[in-house]
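Residues per chain, in single letters:
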Amino acid sequence: MAFRFPLKSLQRLRAIYERREGQRLAAVTLQLFTAQKQLAALKQGQTNEAGSLSKSLQKGMTGAEVQFQVVCSAVRFKRMKVLAQLVESLSRQREGQLAEYREARQNLEVITRLYERQHAAYRRTQARREQQQATDMFLIRSQTPAQGH
């Protein structure tokens, strides 16, 4: 008789759920990484622009050029603020998703351990049954009178 795990469909369902939660975690992590990278690039751009503006002011700039730089800086600052909020939001979302993934992983591991225990018990039972059959065959043969003597 072959081993049959009665919770096999639940195990498959939990594996699918764990995989889905892992994929969601990866997607949120990627979004977070992208937003962090964009924010870092904007901060670097701001630093570069501040140095460039300082040099340009020393060389001499028109009022329109100064005003343009101010507007560009304001737009960059707004974008940095939005990205910082996005990074914060994605960080919280990632933490929540990580908790979901860990729970799904733990639920799958519980079912997997149950499967392994039941399968090991099945193998032990099968081994005992085979040993008992071998013992019974030996006893039957040893009790049968030898033919031809």
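Residues numbered from 1 in each chain as written. Predicted model: local features only at pLDDT ≥ 70, side-chain atom pairs only at ≥ 80, totals over all residues. Heavy atoms only, no water.

Caption draft 1: Region of the structure containing the nonpolar core. By size, the foremost hydrophobic cluster in this structure holds 7 residues: Leu32, Ala35, Leu39, Met80, Leu83, Val87 and Leu90. In terms of residues, this core owes the most to one element, helix H2 (residues 63–143), which gives 4 residues. Once residues within four sequence positions are removed from consideration, Val87 is found in contact with Leu32, Ala35, Gln36 and Leu39. (Core = buried A, V, L, I, M, F, W, Y, C linked by side-chain atoms within 4.5 Å. Buried < 20%, exposed > 50% of the residue type's maximum accessible area, 1.4 Å probe, protein only. Helix = DSSP H or I, 4+ residues; strand = E, 2+ residues; numbered from the N terminus. Contact = heavy atoms within 4.5 Å.)

Caption draft 2: Region of the structure containing helix H1 (residues 8–59). The terminal C-alpha atoms of H1, which comprises 52 residues, lie 76 Å apart, in line with the 76 Å expected from a rise of 1.5 Å per residue. Taken together, the buried positions of H1 are Gln11, Ala15, Glu18, Glu21, Leu25, Val28, Leu32, Ala35 and Leu39. Looking at the buried side of H1, the elements it contacts are H2. Backbone geometry just after H1 places Gly60 at a positive phi near 110°. (Expected span 1.5 Å × (residues − 1).)

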